[in-house]
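Chains, contacts and geometry: an overview
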Amino acid sequence: MHLRVAVIDVHIGWCRILNVARAWWLGESLQFASWRNPFRLCRMTENQIGQIVVDCAVFIHRELGAGLLESVYEAVLARELEKRGLSVARQVVVPITFAGETYEAGFRADLIVERKVILELKSVDKLTPAHKKQALTYLRLMDLKLGFLLNFGEALMKSGIYTRDKKINSKG
């Protein structure tokens, strides 16, 4: 009796590993549907990933405060997102194509989450239009739908979150 249960558990485990590997290969995002049934997986949308990103950014800003270096926030945010089950790539090269040639020099995105959402981090007193243009350019060059510009230098994190060209907490 116990041997049969062990074989079934191993089979379910391999099925889970194969599903995760398949999704990773296809670039799909996965999230466990519940902790009671960790073998049931569901795909995450950009908006679901974005909600987790905002939650993590607010939590980090609340705990660490403003004034640290951008690289500190980058390392901590990447780790927090990984703790929540998301794959994160740091300092990703953003290639540019001009006249049929591809160049990989100069542009680096701070964080790419689940190959779907780009995060550009800043730790400055005030964002300039150049910061916003930089984030929009990365979105365009990488052909992604959602990107965040997170300024950890603001007194309140909600004042420093921008998505595309609109501020999240604006009224209209």
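Please refer to the structure higher up on the page.
Given the structure is predicted, the values throughout are model-derived calculations rather than measurements.

**Describing helix H4 (residues 129-142)**
Given a rise of 1.5 Å per residue, 14 residues ought to cover 20 Å, and the 20 Å separating the end C-alpha atoms of H4 matches this to within 8%. Burial in H4 covers these residues: His131, Ala135, Tyr138 and Leu139. Around the axis of H4, the buried residues are gathered within 100° of arc, so they sit on the same side. Among the exposed residues of H4, those pointing more than 90 degrees away from its buried face are Pro129, Ala130, Lys133 and Arg140. On its buried face, H4 sits against strand S6 (108-113), strand S7 (117-122) and strand S8 (146-151). Just beyond H4, the residue with positive phi is Asp143, at close to 55°.

**Some words on the environment of Ile112**
Following the sequence through the fold, Ile112 ends up in strand S6. Note on Ile112: relative accessible area 8%, which makes it buried. Through-space distance from the C-alpha of Ile112 to that of Val88 is 5.7 Å; in sequence the pair is 24 residues apart. Apart from residues no more than four positions distant in its own chain, Ile112 is found in contact with Ser87, Val88, Ala89, Val92, Val117, Ile118, Met142 and Leu144.

The rules behind these values
- Residues numbered from 1 in each chain as written.
- Predicted model: local features only at pLDDT ≥ 70, side-chain atom pairs only at ≥ 80, totals over all residues.
- Heavy atoms only, no water.
- Helix = DSSP H or I, 4+ residues; strand = E, 2+ residues; numbered from the N terminus.
- Expected span 1.5 Å × (residues − 1).
- Buried < 20%, exposed > 50% of the residue type's maximum accessible area, 1.4 Å probe, protein only.
- Arc of directions from axis to C-beta.
- Contact = heavy atoms within 4.5 Å.

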